[in-house]
Each structure stands twice: as C-alpha cells, then as structure tokens.
Amino acid sequence: MLTTNNLGYPRVGPFRELKKANEAYWAKKITKEELLNTAKSIREANWKLQKENGIALIPSNDFSFYDQVLDLTLTVGAVPARYESLLDKIDGEYNLDLYFALARGFQAEGVDVTAMEMTKWFDTNYHYMVPEFTKDQTFELTSEKFLNEYNEAKALGLDTKPVLIGPITYLLLGKEKEAGFERIDLIDRLLPVYEEIVSKLAAAGAQFIQIDEPYLALDIDEKVKALYKTVFEKLNAAAGDTKLIATTYFEALKDNEDLALNLPVHALHIDLVRGEDQLDTILAKVPASLTLSLGVVEGRNIWKNDYEKSLAKIKQAVDALGKDRVWVGPSSSLLHVPFDLDNEKNEESLPAEVKNWLAFAKQKLAEVKDLAVLADGEVDAATTARYEANKEAAESRRTSPLIHKPDVKSRVSNITDADATRTSVFAKRKEAQKAKFGLPDFATTTIGSFPQTKDVRKWRADLKKGVITQEEYDKAIAEETENTIRLQEQLDIDVLVHGEFERNDMVEYFGEQLAGYAFTQYGWVQSYGSRCVKPPIIYGDVYRPQDMTVRWSSYAQSLTDRPVKGMLTGPVTILQWSFVRNDQPRSTTTYQIALAILDEVQALEKAGIKIIQIDEPAIREGLPLRKADQKDYLNWAVRSFRVSSSNVDDDTQIHTHMCYSEFNNVIEDIAAMDADVITIETSRSQMKLLNAFAGDFKYPNDIGPGVYDIHSPRVPSKDEMVDLLRKAKAVVPAEQLWVNPDCGLKTRAWPETKAALESMVEAAKILRAE
Ligand code: GLN
Ligand code: ZN
C-alpha cells in the first residue's frame, strides 16, 4: 500500500475527557498530576488508534491543553511582558499555570492580567491565541513539549512525526503590539529557535518533521514569498537526515505553486478537497526529488469519502510520480471533525440511512488506509467489500428522498430583491423604533444567554434520560427565565433577554427543530480552549416545520413591560457552524436556512416580540481565505441575512451580533446587512476594532461595542467600562451607541455576571450624564 500520512488528530478525547479534566483543574478539583495523566492517556490512545488503523506517519505534538499556537508561544519564549509578574507565582515543568493564565487571564493574589487575544484559525470555527510581538521581541527555546511528546510516543514503541506550525505562519498569525516594525522581519530572530527545535528532534531520532505552512496556500506578498526558500533551507540544514514535510491546507497553492514545489523539503502536502482542481498543474511541475502528500479525505467535514473520485486523483499522481512518491492523507488535521462515528447509537437523531453517509476522525483514518491499499492495486477481499459499500452509499445520497424536497428548492429559486430589502431606510425605521420603544442613548442590553449553570445543564440531561418529565423541565426553565427577567429589571437593563436556558447551543438548538438536519450525541469539536461545539449535520433540504423560539420569548415578554429581545441564529452562522452538504453550493443551503429563519422572525413579530436579534458571529469567519473568492461569498452571505430579516415592520428592530472579528475590509458588507443594531466584541482590543466602523466609510446604523470580556471570569470595574465607552464615543457618535457585553454569558457564573452587569449599567448612566 502507499504511505499513509495523517496531519493531526482531535485531542479533547472521544467523550471530551480533556475538557472535563482542564475545567476540573481550573476549579481546583483535581491535581496537576491528574490533569497531566488524562492528557497522557489521550495522547497514547490517539497514537495507538492511528497505528491500528494503518497510519504510517502518525503525528505527535498535535496535542494541546488549550491551543497549539499558544503552545508554540511558550516554546519560543514569546510570553508578553505583562505576564512577567506571574512568573514567580507559577511553577511546574510545563509552566502549565502560566500557560493557562495567558489563555484565560489571571485575577488572584494581587495580580490582575487579562487573557491574550483570541481569533479564528483561518476560516474554521477553531480559535487560537494570537501571538503578540514587539519591536524588540526576542525568542528563546523555553519548552521542550515537542520533544517530550515525541519521546513519550517512542517509549510506547511508536516513531511519530512531530508537527510544528512553521515559523512564517507563526509570525503571520500574530500581531504587532507597537508601531515601527513588521512582525515578519522577526524571522531572523525566530529562526534560530526553530533550528534548535528541528535539530533536537533530529538528534532524538525523528525521521520526519511536519512543518505546517498554510500561508503557502494563501495570498502572501513578495517579501513573504521570498522568505520561504531561505527559511526552509535553514530548517533543512538543521534537520540533517531527518526529512521535512511542508504542509499546506485549507486552500489551493495557486500563485504559490512554483514556490511551494521547489522548497528544499522531502515532501509537500496539498489539500485536494479545497484545492480540488490543483493536481494537474502541480503534477506537471513536481521536481524529481519531491514526494507529494495528497490530502484527499476531507479533514473538515463528516461525509464519507467518495472513493472513486479520490482514487482517480491518487492514480493520476501515481502514474506521474510512481508509488513511492505519493502519500495519501486527510486534507488537513482531523482536529475539526468529531472523534468516532461508532459512538453514535441514537437512531432518532441520526437515522441509519444518514449515518451511512458519514465518517468521523476514526473512520477517516480507515478511509485513508483503504485508499492507500486500493491505489496500490493489491487489494484484499475486505477492502474490496468496503469499496463496494462506499459506492452504494454515494449512490443513495444522490437519490434519497430524505434529502431532496422539491418545494424547498423552488422557494429558494423564487427569492426576489424585494424579499431582501426592508420597506424603509434606516433613518425612517429608527424614528419608528424610537416612538415604539423610547430607549435612552447608550441603551443597555446583553447578547442573549445567561449562565448555563450545572443545574440548567442537569435539567436538560435529566429530561433526555427521562429522569424528569417535560412538565418538570419546563417549570424549571420557566423559573430560571423569570428570575433572569427580574434580575435584569433590578439591574435596570433597557432591552432584556430571556436567557436562552432552554438551549444547548445556539446552532444545535435550531438544527434540532429544522428539517434536513441530523445531530449527534458525541460529535464534539474543539472551538477554543476547553470549549467544544457539537455541530449539527445538514444532510438535506432545510425548512421549518413549526415555531422554534416563540414559546420562551413570549413567556419572557409576558413577565415584563420592558422589551424582551427574541433570539435567533442567523443563516450564515447556522451554515458555518454545522457540517454542511457538499452536494450543493453553500449559498443554496444558506438561502434555505434564511427562509426558515424568516418564517420564525415573522412568527415572533406576530407574537408581539418587536426586537429580534439574529446572531451572525460567523459571517466574517466564512470569508474565503483567498481574496479572489471573497466578493461572491459576501454577496450571498449578506443577501441571506437580508432575506431572513427584511420582510418585517419598520418598528420591528432587528439586531445582529458578531463575536470577535476583523471588520476592516468587510465593513461595507456588514453595513449592507442593514441590521438596525449590531453588537460586536471589542473589549479585548480596547475598542480598536471600532475604528473599522468610523474610517472613510462611516457605519450608518446603531452599534453596541462590547465593554467587557466574557471569555474570562475576571470582573471588569465600572471605570474600565466607562473608559472603553469614552473611547467608543470618540470614534462613533453617541446617538449610535449601545452598551453591552462582548458576547453571551452562558459560560460565566452568576456572581461575576451580576457584578459585571451592575457596573455596566452604571457605566452607561455615567456616559448618558456626560
Ligand atoms: N445569543 C448568543 C448567546 O448569547 C450569541 C452567542 C455568540 O455570538 N457566540 O450566547
Ligand atoms: Zn458573540
């Protein structure tokens, strides 16, 4: 069989063991040793699983307690200066406490530092901790995690392939924290540390090292292009006999093809899922010394591989290069897919017919192996049988009435411009809404969710298990909702929310109620740190068979005279955070969802809910990585949001919310969504993100810039929030400003939530008085 090359494996564990251990450690419920042991057994299980499933090149150093970029920041000694005061408070070989302080902030023992910034990993829903660089930045080797994990596997009898994020990608992923330099120029200082890493791994006996340089598949400038060759020359020299694999994913190489193909490395990995059409030109150019690793099994989605299609590609490469110079693997790390389909046993949420179309991480390993065997030609009976089954599954997906609903398809093809435009312009709507709600300047609100305490999660689990009845569950949710309404009244918040206690997750909750969706029991993927999401699976045409949110929103509204916001998740976010069909364009699926959300918006409006928030935190992350593809995406993404929110009264106030996003190049598109109010995450950036709203293009509608970081348990002071609001007022006219936290409060505990919101309302009142 051909060589099988896996790029990375999910590390939270099949049942989120790492998440649980991390959180228990943070809560001081388990010792550091217990946490380290959990981590160790996850690594061991992952390596063994890959071995058993026929993977030749098994990754190591793909494990992380929180984030692989943060690991690297600690490895190359790039800890920002503000954490220095912590250094003497922290002990331990792995510097685990310092590491978690960088990730989560630290507020104790008289020290108070915020967490590092976090942002999305390329166009995935994984978040990494953004490296911070200064002009005088220095680097030194300060952790041997990469070596320890390599040796740990070796002690188990496994010679793994250590994985490193490449030095150019690492610098590009970071941020300059002061003016006067370009971070890419730090490469000369960073490279020696990488050379040290590579030579240590070589000395330890590593045969291969995987260097991830996804920027090779992105738009990069001439200066960066010029660096790649010298950087890899140096790494290659440091590697000695150890073979380097330059790894690209998430896009096609395009204009960087020649550059990537001529790097002084043993092998180059290319993504043949996202870069489906790049094989022809690449094969025409592959130098005689280079091995090509073909990413044919999708690392970011859960569909069974189409063996026929993949084999055609692999055979084409084998014909050109020979069997020895062609490897088979997933398109990217498998970090972005759930662990194991075999754990899914609930036929009601995941029908057998649908399950038969899927493959999770473990199944993808087997697919990689099957393809490597099939392409080789010497095929055993079991593999042949799996090939036949694979063809049958593909055929059933093409024709299944579970998937194809003609009514839904025709409703989408009949969408008109009028369906995507509100009746009146914003200025006129603002008048109507002022008359209707009479809200003050600097109106206060929250983003939707309130703490999802243990109790709340237990009610849900107990309901599922049949431990409590639907009636008992509803009663508990109703009480929690009522308490939250009362609390918001006491706090004197202007626009209330019901708290989202009935929701497990902002996408899954809708997925469960929409047709065309399946969902899993254990299909968790890491979002950031210990946070995992369980994306539902869109397998068929989507529509809304019944009301989804009207009941709890109306109930909350019935308890108070203040307006309660209805809470929906927007079409693009539902798409982005689901596993989506690969048998029709993403835009078609999104329009189907948009129409379903519109149906819900209108039902809420009819029930008297006149402020409706349609969350679109994922709009920015869905932006294609290559500039050339972005316009088309923005057109259909914005239009989908408009389809979901336009067909309403002037005095119905549409909010949208976006989490941390770089708005710079997309601000006009965000404005084109024409939401009456947008709330965004700005506190960690000290309001700098707001500049995008007040540059040459002035964002016309209302804005609620987040005034406190909800990702950290730290409670901001009133003064801090006043300070942030003054900064906001300096760039955006006061009449346009709202006051709110960065995001929903579901991950927070009650005491810190109350304290922070109390200060937030005080801060808003101070601003009103100024
Ligand atoms: N309404 C959601 C909440 O408050 C929004 C979450 C998000 O933007 N990620 O939890
Ligand atoms: Zn958010």
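Keep in mind that what you see is a predicted model, and the values were worked out from it rather than measured. The numbers attached to residues start from 1 for each chain and follow its sequence in the written order. Think of it this way: whatever chain is written first is A, whatever ligand is written first is 1, and the rest follow in order. With the structure being a predicted model, the display of local features is reserved for residues of pLDDT at least 70 and the display and counting of side-chain atom pairs for 80 or more, all residues being used for whole-chain, interface and lining totals.

(A) Just the overall build of the protein, in detail. Scanning the protein for helices and strands turns up 26 helices and 25 strands. Here the globule rule is a power law, 2.2 Å times the number of residues to the power 0.38, and the radius of gyration is based on C-alpha atoms. Taken against the 2.2 N^0.38 rule, which gives 27 Å for 770 residues, the C-alpha radius of gyration of the protein at 26 Å falls within 12% of a compact globule. Residues classed as buried in the protein amount to 51% of the 770 residues present. By sequence separation, contacts in the protein at least 24 residues apart represent 78% of the contacts at least 6 residues apart. Runs of H or I in DSSP of at least four residues are treated as helices and runs of E of at least two as strands, each being numbered from the N terminus. In this scheme every C-beta is placed from the backbone, and a residue whose C-beta has 20 or more other C-beta atoms within 10 Å is buried, one with 12 or fewer is exposed, and one in between is partly exposed. Two residues qualify as being in contact provided that their C-beta atoms, derived from the backbone, are within 7 Å of each other.

(B) Summary view of the packing of helix H17 (residues 454-465) against helix H18 (residues 470-491). Throughout, an axis means a line fitted to C-alpha atoms (over the contacting stretch in the case of helices), and angles, computed between N-to-C directions, take values from 0 to 180 degrees. Contact geometry of H17 with H18 gives a least axis separation of 10 Å together with a crossing angle of 165°. Considering the angle they form, H17 stands roughly antiparallel to H18. For the pair H17 and H18, the sense of crossing is left-handed. Between H17 and H18, the residues in contact are Val456, Trp459 and Leu463 and Gln470, Tyr473, Ala476, Ile477 and Glu480, respectively. Just so you know how the angles are binned, under 35 degrees is roughly parallel, over 145 roughly antiparallel, 65 to 115 roughly perpendicular, and the rest oblique. Crossing handedness follows the turn of the near helix against the far one: under a right angle anticlockwise gives a left-handed crossing, and clockwise gives a right-handed one.

(C) A look at the sheet that holds strand S23 (residues 677-680). Taken in spatial order, the 5 strands of this open sheet run S20-S21-S22-S23-S24, and their pairing is parallel. Looking at strand neighbours, the two that pair on one side only are strand S20 (565-569) and strand S24 (702-705), the edges of this open sheet. Neighbour-to-neighbour, the strand axes of the sheet open up by a mean angle of 20°, direction not taken into account. Strand pairing is assigned whenever DSSP detects at least two bridges linking the two strands. Here strand S22 (residues 653-658) pairs with S23 via 4 bridges, running parallel. Directly across from Thr656, in S23, lies its bridge partner Ile678.

(D) Molecular detail of the pairing of S24. Alternating residues of S24 divide into Asp702 and Gly704 and Ile703 and Pro705, and every residue in both groups is buried. In this sheet, S24 lies alongside S23 in parallel orientation, the contact comprising 4 bridges. Note that in S24 the partner of Val677 across the bridge is Asp702.

(E) Highlighting the sheet that holds strand S2 (residues 59-60). Strand order in this open sheet of 8 strands is S1-S14-S13-S12-S11-S10-S8-S2, and the pairing throughout is parallel. Each end of this open sheet is capped by a strand with a single partner; those strands are strand S1 (3-4) and S2. Across 5 bridges, strand S12 (residues 267-271) lies against strand S13 (residues 291-297) in parallel orientation. From the neighbouring strand, Ala267 faces S13, where its bridge partner is Thr291. Those strands touched by helix H8 (residues 222-239) are strand S10 (208-212) and strand S11 (243-247), and its axis lies near 150° from that of S11.

(F) View of the environment of Glu34. Mapped onto the elements, Glu34 comes out in helix H2 (residues 32-52). Taking C-alpha positions, Glu34 is 9.8 Å from Ala24, a pair spaced 10 residues apart along the chain.

(G) Expanded view of the nonpolar core. Any set of buried Ala, Val, Leu, Ile, Met, Phe, Trp, Tyr and Cys residues joined through C-beta atoms within 7 Å is what this text calls a nonpolar core. One finds Ile209, Ala246, Leu294, Val328 and Met760 to be the most contacted residues of the largest nonpolar core, which totals 211 residues. No other element matches helix H22 (residues 586-606), which puts 9 residues into this core. When sequence neighbours within four positions are dropped, the list of residues in contact with Leu294 reads Ile270, Leu272, Lys313, Ile314, Ala317, Val326, Trp327, Val328 and Gly329.

(H) Highlighting the environment of Glu348. Mapped onto the elements of the fold, Glu348 is located in the loop between strand S14 (326-330) and helix H12 (352-355). Linking Glu348 and Thr520, residues 172 residues apart in sequence, is a C-alpha distance of 9.9 Å.

(I) Just the UniProt feature "binding site: 5-methyltetrahydropteroyltri-L-glutamate" (unreviewed entry) in the protein, in detail. UniProt positions are given in the numbering used here, feature names are shortened, and annotations may be inferred rather than shown by experiment. In this numbering, the UniProt entry assigns the feature "binding site: 5-methyltetrahydropteroyltri-L-glutamate" (unreviewed entry) to Arg16, Glu17, Leu18, Lys19, Lys120, Arg531, Cys532, Trp577 and Glu621. Their sequence span is 606 residues, while the largest C-alpha to C-alpha distance among them is 27.6 Å; these annotated residues do not converge on one region. By the secondary structure assignment, Arg16 is in the loop between S1 and helix H1 (17-26). Owing to 18 C-beta atoms within 10 Å, Arg16 belongs among the partly exposed residues under this scheme. Residues within four places of Arg16 in sequence aside, it is in contact with Trp524 and Cys532. Among the secondary structure elements, Lys120 is positioned in strand S5 (residues 118-120). When residues no more than four places from it in sequence are discounted, the contact partners of Lys120 are His127 and Glu621.

(J) Broad picture of the packing of H1 against H2. Packing of H1 against H2 leaves a shortest axis separation of 9 Å and a crossing angle of 170°. Regarding the angle of H1 to H2, the classification is roughly antiparallel. Judged by residue contacts, Glu17, Leu18, Ala21, Asn22 and Tyr25 of H1 engage Lys32, Glu34, Leu35, Thr38, Ala39 and Ile42 from H2. Each residue is assigned to one class: nonpolar for Ala, Val, Leu, Ile, Met, Phe, Trp, Tyr, Cys and Pro, charged for Asp, Glu, Lys and Arg, and polar for all the others, Gly among them. Taken together, the residues that form the contact of H1 with H2 break down as 6 nonpolar, 2 polar and 3 charged.

(K) Summary view of unusual backbone geometry. Look at Phe122: it is not a glycine, yet its phi comes out positive at around 50°. Its place among the elements puts Phe122 in the loop between S5 and strand S6 (127-129). On the basis of neighbour count, Phe122 is assigned to the partly exposed category, with 17 C-beta atoms found within 10 Å. Backbone geometry places Asp674, a non-glycine residue, at a positive phi of 60°. Examined against the element boundaries, Asp674 turns out to sit in the loop between helix H24 (667-672) and S23. What makes Asp674 buried here is the crowd of 21 C-beta atoms within 10 Å.

(L) A look at the environment of Leu294. Among the secondary structure elements, Leu294 is positioned in strand S13. Residues Leu294 and Ala381 lie 87 residues apart in sequence; the distance between their C-alpha atoms is 25 Å.

(M) Quick peek at the pairing of S14. Among the 5 residues that make up S14, 5 are buried, leaving the element largely enclosed by the rest of the structure. The sheet contact formed by S1 and S14 spans 2 bridges and is parallel. Within S14, the position partnered with Thr3 by the bridge is Trp327. The sheet contact formed by S13 and S14 spans 5 bridges and is parallel. Residue pairing for S14: Leu294 is matched across the bridge by Val328. Clockwise travel from the first strand over the helix to the second, with the strands pointing away from the viewer, marks a crossover as right-handed. Running through helix H11 (residues 307-321), the crossover from S13 to the neighbouring parallel element S14 is right-handed.

(N) How the structure looks around helix H16 (residues 426-437). How far a helix is expected to stretch is found by multiplying one less than its residue total by 1.5 Å. Compared with the 16 Å implied by 1.5 Å per residue over 12 residues, the 16 Å span of H16 between its first and last C-alpha is a close match. Within H16 the residues assigned to the buried category are Arg429, Lys430 and Gln433. Down the axis, H16 shows its buried residues gathered within 105° of arc, on one side only. With respect to the buried face of H16, the exposed residues turned more than 90 degrees away are Ala427, Lys428, Lys434 and Ala435. Buried-residue contacts for H16 involve S22. In the segment just after H16, Gly438 is the residue with positive phi, at about 55°. Here the arc refers to the set of directions running from the helix axis out to each C-beta atom.

(O) Quick peek at the confidence of the model for the protein. Taken residue by residue, the protein gives an average pLDDT of 96. The fraction at 70 or more is 99%. Predicted complex metrics record ipTM = 0.99 and pTM = 0.90. Known as pLDDT, the predictor's confidence for each residue is given on a scale from 0 to 100.

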